[in-house]
Amino acid sequence: MVKLYNTRTRQIDEFQPISGNHVGMYCCGPTVYNFAHIGNLRTYIFEDILRKTLQRAGYDITHVMNITDVGHLTSDGDEGEDKMLLGAQREHLSVLQIARKYEDAFFEDTKSLNIERPSVVARATEHIQDIIRFVKGLEEKGYAYIADGNVYFDTSKFPSYGDFAHLDVDNLRHGARVDEDGNKKNKTDFVLWFTKSKFENQILTWDSPWGVGYPGWHIECSAMAMKYLGDEVDIHCGGIDHIPVHHTNEIAQSEALLGHRWVNFWLHGEFLVLQKEKMSKSAGTFLTLSVLKEKGYNPLHYRYLTLTAHYRSTLSFTFENLENAKNTYEGIKSKILELRKQAKQETSKPRDEELKTKYIQEFNDYLYNDLNTPQALTVLFAVLKDVDLSAGAKLEILEDMDTVFSLGFKDFQEKNLSIPEEVQMLVNERVQARADKDWAKSDELRDKIASLGFTVKDLPQGKYELLPLE
Ligand code: AMP
Ligand code: ZN
């Protein structure tokens, strides 16, 4: 039985799918106006762990994610600049070119972090008719009003508006806010469809019953989640910043339309925070996966770092933490490579089966208890240390755990096994150079070997070990 912390009930609930064995899971996707920062990526790693844990528990998952390629302003409300337009102006590209460029970059990042691609990736610009139908439905039910050409959701018609985020709605409604949209009847109201916005140069627009325009950000997620997952959704996730505005608005418009509860489990990932480095994209500089790679880190070092914290705890990012994660990860890697060698010579041990069951049980218990990855990692280290387990049994357990951790344990073996002929020839030449005590040539060959992605570790008596570079 999987237990998950549900933001809706503010407690850890036993997870049950709405229907049979199938789980519909919707995760808010990226706004593709710039690279994802490593904080965003932490959230996608958490969602990947959630998906793989549920798969491990035997559920069949449909994982839907949107791509916001229109409509998201720099504030999560209706204020600020249009993120996509800003990106286009910055790079002298069209809005669509920007969208595709950063969508591709996003999937490259997630792939290198071993995040499984969602079953459905839905672009907002390709679902405009679904969005329009949704807004029409809200209008027919009396939840929408038109002011100065834009269509707004009337939050006063949805009395439980503040329940999900425990908002003090009265205060919010009467409190002063700068840059306020005078068309709104209530401060918490939000735009469903823009026909008039402050961005006259809005390029992506569509015809609609309310005039030529474009959708608000919140409506896109509700419309696409409903299209692919139906009127009742098992799980909806995102980062915690989405609780008070985006998810609150999603719930209001969806439940207003449906007349019943929409999502059973809401899960939110805590933030990655930077002590020294700045995280905000609007500030111009922010940390991306490419920056980590330029500094010599493998994306999986970062994945490992995120697993060391529970998804509901803030994780402070420093390069010192990342360096520690790298060292531990590399330590695990060397142990696995060693175990592979041992396993070739060693037979099984008497307690293998009993211990395998015990460790897998412990691992599952931690994961199924609200995705406790830090504790699940302690099981990994206990397995590595256990002298009663044979090397082969250890490898089996680790590879099983890695179906969720996704730290690339299996690849360690594959990379090590396939040594290109060209590399092997250089290595042989280097052995000769060292026998001839031609150190300059030996160093030169080491560099050539490194340029082909391998490193040679010299061992006593002219022996060596060849390892793939990070
Ligand atoms: P965005 O592309 O800004 O819509 O954000 C994509 C995802 O990243 C959302 O689920 C956000 O809640 C999440 N997110 C934003 N900032 C952070 C952060 N510093 N740490 C973790 N998740 C974040
Ligand atoms: Zn969303």
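Residues numbered from 1 in each chain as written. Chains lettered and ligands numbered in written order. Predicted model: local features only at pLDDT ≥ 70, side-chain atom pairs only at ≥ 80, totals over all residues. Heavy atoms only, no water.

Caption draft 1: Broad picture of the overall build of the protein. Tallying secondary structure elements over the protein gives 16 helices and 15 strands in all. If one aligns the C-alpha atoms of the protein with their principal axes, the spans along those axes are about 85 × 55 × 35 Å. Each of the 470 residues in the protein was classed as buried or not, and the buried ones make up 54%. Once local pairs closer than 6 in sequence are excluded, the contacts in the protein between residues at least 24 apart make up 74%. (Helix = DSSP H or I, 4+ residues; strand = E, 2+ residues; numbered from the N terminus. Buried < 20%, exposed > 50% of the residue type's maximum accessible area, 1.4 Å probe, protein only. Contact = heavy atoms within 4.5 Å.)

Caption draft 2: Focus on the site of ligand 1. Ligand 1 sits among 15 residues. The nearest are Gly39, Thr43, Gly239, Asp241 and Leu272. Here an oxygen atom of ligand 1 sits 2.4 Å away from a polar atom, N or O, in the side chain of aspartate 241. Its free accessible area being 500 Å², ligand 1 has 93% of it covered by the protein chains. Of all the elements in the fold, those that place two or more residues in the shell around ligand 1 are helix H1 (38-56) and strand E10 (233-239). If you tally residues by element for the shell around ligand 1, the top one is H1, at four residues. Partitioned by chemical class, the residues of the shell around ligand 1 number four nonpolar, nine polar and two charged. (Near = heavy atom within 4 Å. Polar contact = N/O pair within 3.5 Å; in protein donor to acceptor, adjacent residues only side chain to side chain. Areas by Shrake-Rupley, 256 points an atom, 1.4 Å probe, with all protein chains shown as cover. Nonpolar A, V, L, I, M, F, W, Y, C, P; charged D, E, K, R; others polar.)

Caption draft 3: Here's a closer look at the nonpolar core. One finds Ile235, Tyr302 and Phe317 to be the most contacted residues of the largest nonpolar core, which totals 137 residues. With residues near it in sequence (within four places) discarded, isoleucine 235 still touches Leu4, Phe15, Val23, Gly24, Met25, Tyr26, Leu50, Leu54, Val263, Phe265 and Leu267. Counting residues in each nonpolar core, the second largest holds nine residues, with Val427, Ala433, Leu445 and Ile449 among its members. (Core = buried A, V, L, I, M, F, W, Y, C linked by side-chain atoms within 4.5 Å.)

Caption draft 4: How the structure looks around the state of the cysteines. Counted by the stated rule, this structure contains zero disulfides. The thiol sulfur of cysteine 237 is not disulfide-bonded, and the nearest other cysteine sulfur, from cysteine 27, lies at 3.5 Å. Cysteine 237 gets classed as buried once you look at its relative accessible area, which sits at 0%. (Disulfide = S-S within 2.5 Å.)

Caption draft 5: Representation of the coordination of the zinc ion (ligand 2) in the model. Protein coordination at the zinc ion (ligand 2) comes from Cys28 (SG), Cys221 (SG), His246 (NE2) and Glu250 (OE), with a distance range of 2.1 to 2.8 Å. Given four donor atoms and angles of 72 to 132° at the metal, the environment of the zinc ion (ligand 2) is assigned as irregular. All donors to the zinc ion (ligand 2) come from one chain, and their sequence spacing reads C-x192-C-x24-H-x3-E. Of the two residues, cysteine 28 sits in the loop between strand E3 (22-27) and H1 while histidine 246 sits in helix H7 (residues 243-258), which places them 218 residues apart along the sequence. Taken individually, cysteine 28 and histidine 246 each receive the classification buried, so the pair is uniform in this respect. (Donors = N, O, S within 2.8 Å, 3.2 Å for Na, K, Ca; no water. Tetrahedral: all angles 85-135°; square planar, octahedral: opposite > 155°, others 65-115°.)

Caption draft 6: Spatial organisation of the packing of H1 against helix H9 (residues 299-307). Closest axis-to-axis distance for the H1/H9 pair is 10 Å, and the angle between their directions is 70°. Classified by the angle between their axes, H1 and H9 sit roughly perpendicular to one another. Listed contacts from H9 to Ile38, Gly39, Leu41, Arg42, Ile45, Asp48, Ile49 and Lys52 of H1 are Tyr302, Arg303, Thr306 and Leu307. Looking at the contact of H1 with H9 residue by residue, the class counts come to six nonpolar, two polar and four charged. (Axes fitted to C-alpha atoms, helices over the stretch in contact; angles between N-to-C directions. Parallel < 35°, antiparallel > 145°, perpendicular 65-115°, else oblique.)

Caption draft 7: The packing of helix H4 (residues 128-140) against H7, seen in detail. Two elements in contact, H4 and H7, have axes separated by 9 Å at closest approach and are oriented at 65°. One way to sum up the angle between H4 and H7 is to call them roughly perpendicular. H7 is crossed by H4, and the crossing has left-handed handedness. Contacts between H4 and H7 involve Phe134, Gly137 and Leu138 from the former and Gln253, Ser254, Ala256 and Leu257 from the latter. For the contact of H4 with H7, the class distribution of residues is four nonpolar, three polar and no charged. (Left-handed = near helix turned anticlockwise from the far one by under 90°.)

Caption draft 8: Representation of a negative patch on the surface within the structure. On the surface, Asp436, Asp438, Asp443, Glu444 and Asp447 cluster together into a patch of negative charge. Turning to its location among the elements, glutamate 444 is positioned in helix H16 (residues 439-451). (Patch = residues over 30% accessible without salt bridge, like charges linked within 9 Å, V, L, I, M, F, W, Y side chains within 5 Å. Salt bridge = Lys/Arg side-chain N within 4 Å of Asp/Glu carboxyl O. Lys, Arg positive; Asp, Glu negative; His and termini not counted. Charge placed at Lys NZ, Arg CZ, Asp CG, Glu CD.)

Caption draft 9: Structural detail: the environment of isoleucine 360. Looking at the secondary structure, you find isoleucine 360 in helix H11 (residues 352-368). Its relative accessible area of 18% is what places isoleucine 360 among the buried residues. Sequence-wise, isoleucine 360 and valine 379 are 19 residues apart; in three dimensions their C-alpha atoms are separated by 8.5 Å. If sequence neighbours within four positions are ignored, isoleucine 360 has contacts with Arg56, Ile397 and Asp400.

Caption draft 10: Spotlight on the pattern of salt bridges. Taken as a whole and judged by the stated rule, the model has 25 salt bridges. The shortest N-O distance in the salt bridge between aspartate 154 and lysine 185 comes to 4.0 Å. Taken together, the residues aspartate 154 in the loop between strand E7 (150-153) and helix H5 (169-174) and lysine 185 in the loop between H5 and strand E8 (190-194) connect sequence positions 31 residues apart. The residue arginine 351 makes a salt bridge to glutamate 354 at a minimum N-O spacing of 2.9 Å. Residue class for glutamate 354 comes out partly exposed when judged on its relative accessible area of 46%.

Caption draft 11: Looking closely at the pairing of strand E6 (residues 144-147). With four bridges joining them, E6 and E7 adopt antiparallel strand pairing. Residue pairing across strands places isoleucine 146 opposite valine 151, the latter belonging to E7. Counting the residues that bridge the hairpin from E6 to E7 gives two residues, and of these aspartate 148 lies at a positive phi of roughly 50°. (Pairing = 2+ DSSP bridges.)

Caption draft 12: Local environment of the sheet that holds strand E11 (residues 263-269). In spatial order, the strands read E5-E4-E3-E10-E11; together these five strands make up an open sheet with parallel pairing. At either margin of the open sheet sits one strand with a lone partner, and together these are strand E5 (120-123) and E11. With direction set aside, neighbouring strand axes in the sheet form an average angle of 20°. Here strand E4 (residues 60-67) pairs with E5 via four bridges, running parallel. The partner of isoleucine 67 across the bridge, within E5, is arginine 123. Its contacts with the sheet place helix H3 (residues 95-112) against E4 and E5, and it is angled at close to 145° to E4.

Caption draft 13: Region of the structure containing the packing of aromatic side chains. Scanning the model with the defined rule gives 19 aromatic pairs in all. With a centroid separation of 5.5 Å and 15° between ring planes, the pair formed by tyrosine 145 and tyrosine 152 is classed as stacked. Tyrosine 152 shares its class with tyrosine 145; the two are buried. Ring geometry for phenylalanine 409 and phenylalanine 412: centres 5.8 Å apart, planes at 40°, overall tilted. (Phe/Tyr/Trp six-rings, centres within 6.5 Å; stacked < 30°, edge-to-face > 60°.)

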